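Report on the structure
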Amino acid sequence: MSLHELAGGWHGVKNFGMNITSTSKVLIQGCLEPLASIHIPLMQTYGTNLVAGVSPGSGGQTIHGIPVFDMVEQARPVVGDIDISILFNHPYRLLDAALEAIAAGIRHIIIVTEGMPPLDVVQLLHKADMTETIVLGPNCPGLIMPGQLLLGTYPTAVYQPGSIGIISRCGTLTHEVAWQLTQAGLGQSIAVGIGSGAIVGSSFAQWLQILDEDDSTDAIVLVGEINGEGEDIAAQYAEDMIDKPVIAYLAGHRLPQAATLAHSNNVLTSHLAASRYPILGNVTVSPVTRKLAALKQAGIPVAQDPSEVPNLVKAALGATT
């Protein structure tokens, strides 16, 4: 079975169909941006099937051997249907570029650029939801299937083919975790950066479902942060819905934590967390305490340091054999 998500839902988690392979046709939007010009040849060297680029006003050129078009709709008659678009556009042009890709029938969008306005992200995700489009990012390194496919900005040397999936919010920390796994002889089936912004496209829970259904993945490493609620939801989702071993690391968990939470939505979250996780005892808990309680409740081991991840993975795999 290839990487995909089944239709359905859980606590607001909507799962869209997905099928990415080493032969998927990939478009680069914002292909003449400096960051794109660096990573296009790296993706090509890795074997990614880059078929076209889009840069308004620059149609007719070529970049690293691929044709450049002014608009996405001009590329399709030449290269055929496109499976994935990677966006390197200026932050304020990302929404138009992404909507253009969706209108052209592209259902997998990766937004590398950081700084996309939050209201633009909300508008994009509304359209993505209606069209069953998977969005990674904004502000993400993309996706890598080691030895097969590079979509984004990953340093490929630290990744090796294997059976461990990584889902991360943490950018470069993803690479550190992958390197620790590689050094321990634990290669990776896939690494996915969902983005580190306050609002992102696809979630931890959605990707947990993808990797749970992927025959090439035996265990999943979740690399989270101390802010937001994605890790809490992912812990509950893993407890209720995921069969494969899940291991976690929370970046920033050692930072000093405030004794109280100032915002009303955080207080409400703490009340809800305390009711679900009796271990908390009271409502004036830090986000880190809440997340750690959620992960513990779900039976997910949490590494204190990235170097601990390989041993936790090995122990979890040993417990399932």
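Just so it is clear, the model here is predicted, and its values are computed rather than measured.

Things to note about the overall build of the chain
When its secondary structure is counted, the chain shows ten helices and 16 strands. Looking at the chain as a whole, 52% of its 321 residues qualify as buried. Across the chain, contacts joining residues at least 24 apart in sequence account for 70% of those joining residues at least 6 apart. Split by element, the accessible area of the chain, about 13400 Å² in all, is 53% carbon and sulfur.

Here we look at the pattern of salt bridges
It is possible for side chains bearing opposite charge to pair when their charged atoms get close. Considering all chains together, one arrives at six salt bridges under this definition. Salt-bridge contacts for glutamate 231 lead to lysine 291; the nearest nitrogen and oxygen are separated by 2.5 Å. Pair noted here: glutamate 231 is in helix 7 (residues 230–241) and lysine 291 is in helix 9 (residues 287–297), with a separation of 60 residues, a long-range link. Each member of the pair, glutamate 231 as well as lysine 291, is classed as buried. Of the charged contacts in the structure, one is a salt bridge between aspartate 232 and lysine 291, with a shortest N-O distance of 3.4 Å. One end of the pair, aspartate 232, is in helix 7; the other, lysine 291, is in helix 9, with 59 residues separating them in the sequence.

What about the confidence of the model for the chain?
Residues of the chain with pLDDT of at least 70 account for 84%, and the chain-wide mean is 87. Low confidence marks residues 1–11, where pLDDT is under 50. Its contacts with residues over four positions away, or in another chain, come to 37 contacts.

Quick word on the nonpolar core
Ranked by size, the top nonpolar core spans 71 residues in total, and within it Ile28, Ile86, Trp207 and Leu208 carry the most contacts. Leaving out residues up to four positions away in the same chain, isoleucine 86 has contacts with Val26, Leu27, Ile28, Gln29, Met43, Ile110, Val112, Leu151 and Gly152. The next biggest cluster of nonpolar side chains, apart from the first, holds 25 residues, and it includes Val79, Leu87, Ala97 and Ala128.

Brief notes about the packing of helix 7 against helix 9
Contact geometry for helix 7 and helix 9: axes closest at 8 Å, N-to-C directions at 10°. In terms of orientation, helix 7 lies roughly parallel with respect to helix 9. On helix 9, the residues touching Glu231, Asp232, Ala235 and Glu239 of helix 7 are Arg290, Lys291, Ala294, Leu295 and Gln297. Counted by class, the contact of helix 7 with helix 9 contains three nonpolar, one polar and five charged residues.

Overview of helix 5 (residues 172–183)
For helix 5, which comprises twelve residues, the first-to-last C-alpha distance of 17 Å matches the rise-based estimate of 16 Å (1.5 Å per residue) to within 8%. Buried within helix 5 we find Leu173, Thr174, His175, Val177, Ala178, Leu181 and Thr182. Residues of helix 5 that are buried in the fold lie against strand 12 (161–168), strand 13 (188–193), strand 14 (219–225), strand 15 (246–251) and helix 10 (309–320). Just beyond helix 5, the residue with positive phi is glycine 185, at close to 80°.

Notes on the environment of tyrosine 237
With respect to the element layout, tyrosine 237 can be found in helix 7. For tyrosine 237, a relative accessible area of 1% translates into the label buried.

So, the sheet that holds strand 16 (residues 302–303)
Ordered in space as 11-10-13-12-14-15-16, the seven strands form an open sheet in which the pairing is mixed. Either end of the sheet is taken by a strand with one partner, and the two such strands are strand 11 (149–152) and strand 16. Taken strand by strand, helix 9 contacts strand 14, strand 15 and strand 16, and its axis lies near 175° from that of strand 15.

A short note on the sheet that holds strand 6 (residues 66–69)
The strand order 5-6-4-3-7-8-9 describes an open sheet built from seven strands, whose pairing is mixed. Looking at strand neighbours, the two that pair on one side only are strand 5 (62–63) and strand 9 (134–136), the edges of this open sheet. When strand 7 (residues 84–87) meets strand 8 (residues 108–111), the two strands line up parallel, connected through four bridges. From the neighbouring strand, serine 85 faces strand 8, where its bridge partner is isoleucine 109.

Conventions and cut-offs
- Residues numbered from 1 in each chain as written.
- Predicted model: local features only at pLDDT ≥ 70, side-chain atom pairs only at ≥ 80, totals over all residues.
- Heavy atoms only, no water.
- Helix = DSSP H or I, 4+ residues; strand = E, 2+ residues; numbered from the N terminus.
- Buried < 20%, exposed > 50% of the residue type's maximum accessible area, 1.4 Å probe, protein only.
- Contact = heavy atoms within 4.5 Å.
- Areas by Shrake-Rupley, 256 points an atom, 1.4 Å probe, with all protein chains shown as cover.
- Salt bridge = Lys/Arg side-chain N within 4 Å of Asp/Glu carboxyl O.
- pLDDT = per-residue confidence, 0-100.
- Core = buried A, V, L, I, M, F, W, Y, C linked by side-chain atoms within 4.5 Å.
- Axes fitted to C-alpha atoms, helices over the stretch in contact; angles between N-to-C directions.
- Parallel < 35°, antiparallel > 145°, perpendicular 65-115°, else oblique.
- Nonpolar A, V, L, I, M, F, W, Y, C, P; charged D, E, K, R; others polar.
- Expected span 1.5 Å × (residues − 1).
- Pairing = 2+ DSSP bridges.

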